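Letter by letter, the chains look like this.
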Amino acid sequence: MRIGHGYDVHKFADNRKLVLGGVEIPYEKGLLGHSDADVLLHAIMDSLLGAAALGDIGKLFPDTDDTFLNADSLKLLEKTAEVLKENGYKIINIDSTVIAQKPKLKDYIVPMRKKIAKACNAELDQISVKATTEEGLGFTGELLGISAHAVCLIEKRTNLE
């Protein structure tokens, strides 16, 4: 068994869609980034790659490569899950937290979990997404951006699986 941790942060930007966990969230601003800036999926990908000692999303999907300009992070997560499988790993579970003062995310948690589970070829009960605020403190509390943490557990597959 291996555990991985991922963290990501993106600042708010005008004229961008807000996408979290592969779900478009109605909000006045989106997040700035080379891809769709899905901070939650980026943290999840980093946790998975870290657990397998395969680097990070910057290594797999460099922001210097225009192939990934405005990329759909759900597609990148699918590719990440494929890379883990190719290296002999299976996902046991993912636990993640989005830190955002606004918008409120409770109505989007289940749709996020479903999209993440599908992209990872996992069951819904293997995927946890939570949301919290920082009570007005820090850059997320001051509405400057959104951050996310993720931890995962992966396991080396045996020849029988």
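See above for the structure.
Residues numbered from 1 in each chain as written. Predicted model: local features only at pLDDT ≥ 70, side-chain atom pairs only at ≥ 80, totals over all residues. Heavy atoms only, no water.

**Looking at the sheet that holds strand 4 (residues 30-31)**
The strand order across the open sheet built from 5 strands is 4-1-7-5-6, with neighbouring strands paired in mixed fashion. A strand with exactly one partner marks an edge of an open sheet, and here the two such strands are strand 4 and strand 6 (127-132). Examined bridge by bridge, strand 1 (residues 2-13) and strand 4 share 2 bridges and lie antiparallel to one another. Residue pairing across strands places Phe-12 opposite Leu-31, the latter belonging to strand 4. (Pairing = 2+ DSSP bridges. Helix = DSSP H or I, 4+ residues; strand = E, 2+ residues; numbered from the N terminus.)

**Concerning the nonpolar core**
One finds Leu-20, Ile-44, Leu-48, Leu-77, Ile-116, Ile-146 and Ile-154 to be the most contacted residues of the largest nonpolar core, which totals 45 residues. Secondary-structure elements contributing two or more residues to this core are strand 2 (18-20), strand 3 (23-25), helix 1 (39-51), helix 3 (73-86), strand 5 (89-99), helix 4 (109-119), strand 6 and strand 7 (145-156). The greatest single-element share of this core, amounting to 9 residues, is contributed by helix 1. Residues in contact with Leu-20, not counting those within four places in the same chain, are Ile-25, Leu-31, Asp-38, Val-39, Val-98, Leu-105, Met-112 and Ile-146. (Core = buried A, V, L, I, M, F, W, Y, C linked by side-chain atoms within 4.5 Å. Buried < 20%, exposed > 50% of the residue type's maximum accessible area, 1.4 Å probe, protein only. Contact = heavy atoms within 4.5 Å.)

**Some thoughts on the side chain of Asp-36**
Mapped onto the fold, Asp-36 is located in the loop between strand 4 and helix 1. For Asp-36, which is buried and forms no salt bridge, the nearest opposite charge comes from Arg-16, at a distance of 6.4 Å. Aside from chain neighbours lying at most four places away, what touches Asp-36 is Arg-16, Val-19, Leu-31, His-42, Asn-70, Ala-71, Asp-72 and Ser-73. (Lys, Arg positive; Asp, Glu negative; His and termini not counted. Salt bridge = Lys/Arg side-chain N within 4 Å of Asp/Glu carboxyl O.)

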